[in-house]
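# Commentary on secondary and tertiary structure
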Amino acid sequence: RRFQVKKIIVDNIESTGTTVTVNDAIDAGTNAVTAGSITGLSASSLTTGTLPNAQLADGHILQVATAELTTIQSSTSAGWNDIPNFPTVSITPSDTSNKILITISVGGISQYNGNTPSIRVLRGTTVCTVNTQSGYADLARGVTISPGYSNGTENAAAASACFFDSPSTTSATVYKLQWYGRPSGTFTNTINAFYAWDNHNYYAAGISSLTVMEVKA
């Protein structure tokens, strides 16, 4: 048999079991439930649900996006230009004050016939962090360099970088990689292999990636 009453006034509600169900607000007491919030509750007691970003401490990674290039690509274009077929990566920051942590991993880059390839990151059309040493006006300034030619011998090397960017926006933000080709003569940049399309068992091939992570700040 069930009974319904209009109002019950008590000083305390205690449970002898494991669960107390409350459908309406309780606006008094040490552990108050008011307008959908609970005070006096330890975070360790939360077992389900998702905390909003605003409640997370600074430094938390909020989201991650990555792009990978798993094929061998080459180019004879001079100056700064996009790495052929390297995908762009897009991320939409949740707050204008948050930072974007950018990591680059290049699984082998070389330049045939004499050059030291450099790589840089662009946010849209804006160049992100690069070398800022004064003077040396002719240097190709990027975030990585790799040996391309030394004493008549071709060289290839992996390259990596990690740095913060501050896009100051909550709009979708696109990042991409560019490399630098020697502007005089005909030279070939190659990524993910020693030299474009050389098929020898004493060479090797790798992959490259561009990863962006939103960091709460």
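Counting of residues starts from 1 at the beginning of each chain's written sequence and follows it residue by residue. In keeping with the model being predicted, local features are shown solely for residues with a pLDDT of at least 70 and side-chain atom pairs are shown and tallied solely at 80 or more, while totals for entire chains, interfaces and linings include all residues. Only hydrogens and water are set aside; all other atoms, that is, all heavy atoms of the structure, feed into the side-chain values.

### Considerations on the overall build of the protein chain
In plain terms, the rule: Put simply, DSSP H or I for four residues or longer makes a helix, DSSP E for two residues or longer makes a strand, and each gets a number counted from the N terminus. For accessible areas, the Shrake-Rupley method is used with a probe of radius 1.4 Å. Any residue's cover is judged against the shown protein chains and nothing else.
On a plain count of helices and strands, the protein chain comes out with zero helices and 16 strands. On the protein chain, roughly 13,900 Å² of surface is accessible, and the fraction owed to carbon and sulfur atoms is 49%.

### Digging into the packing of aromatic side chains
How two aromatic rings sit relative to each other is set out by the distance from centre to centre and by the angle between their planes. Counted only if it meets this: Side-chain rings of Phe, Tyr and Trp (the six-membered ring for Trp) are treated as a pair once their centres are within 6.5 Å; stacked means planes under 30 degrees apart, edge-to-face means over 60, and tilted covers the remaining angles. Partly exposed describes any residue whose relative accessible area lies between the buried limit of under 20% and the exposed limit of over 50%, with all areas from a 1.4 Å probe on protein chains only and scaled to the type maximum.
Evaluation of the coordinates by the stated rule reveals one aromatic pair. Where Trp80 meets Tyr180, the ring centres are 5.3 Å apart and the plane angle is 65 degrees; that geometry is what we call edge-to-face. Taken as a pair, Trp80 in strand S5 (residues 79-82) and Tyr180 in strand S14 (residues 173-181) lie far apart in primary sequence, 100 residues in all. Judged by its relative accessible area of 23%, Trp80 is partly exposed.

### Looking at the pattern of salt bridges
For the record, the criterion: A carboxyl oxygen of Asp or Glu within 4 Å of a side-chain nitrogen of Lys or Arg is what we treat as a salt bridge.
Under the definition given, this model contains three salt bridges. One salt bridge in this structure joins Asp82 and Lys176, with 3.1 Å as the shortest N-O distance. Residue Asp82 is found in strand S5, and its partner Lys176 is found in strand S14; the two are separated by 94 residues along the sequence. Given the relative accessible area of 39%, Asp82 is considered partly exposed. Under the relative-accessibility criterion, Lys176 is labelled partly exposed at 22%.

### Structural notes on the environment of Asn131
Counted only if it meets this: Contacts are residue-level and defined by heavy atoms, with any inter-residue pair within 4.5 Å sufficient. In the analysis that follows, any N or O atom pair within 3.5 Å is treated as a polar contact, provided that within protein one partner can donate a hydrogen and the other can accept it, and provided that, for residues neighboring in sequence, both atoms belong to side chains.
Summarising the element assignment, Asn131 is placed in the loop between strand S9 (126-127) and strand S10 (144-145). Spatially, the C-alpha atoms of Asn131 and Gly142 are 6.0 Å apart, while their sequence positions differ by 11 residues. Once you skip the residues sitting within four places of it in the chain, Asn131 turns out to touch Arg141 and Gly142. A polar contact is formed between the side chain of Asn131 and the side chain of Arg141, at a distance of 2.9 Å.

### Some words on the pairing of strand S16 (residues 208-215)
What counts, and what does not: Pairing between strands requires that DSSP locate at least two bridges from one strand to the other.
Summarising burial for S16: eight of the eight residues are buried, a large majority. Taking every second residue as pointing to the same face, both faces of S16 are buried, with Ser208, Leu210, Val212 and Glu214 on one and Ser209, Thr211, Met213 and Val215 on the other. Note: strand S3 (residues 61-69) against S16, eight bridges, orientation antiparallel. Of the residues in S16, the one forming a bridge with Val64 is Met213.

### Some details on the nonpolar core
Cut-off, in case you're wondering: Put simply, buried Ala, Val, Leu, Ile, Met, Phe, Trp, Tyr and Cys residues joined by side-chain atoms within 4.5 Å make one nonpolar core.
Ranked by size, the top nonpolar core spans 24 residues in total, and within it Ile102, Ile104 and Tyr175 carry the most contacts. Looking at this core, the elements with two or more residues in it are S3, strand S6 (89-91), strand S7 (99-112), strand S8 (118-123), strand S13 (156-165), S14 and S16. Ranked by residues supplied to this core, first place goes to S7 with five residues. Apart from the residues lying within four places of it in its own chain, the contact partners of Ile104 are Val121, Val143, Ala159, Ser160, Ala161, Phe163, Leu177, Ser209 and Leu210.

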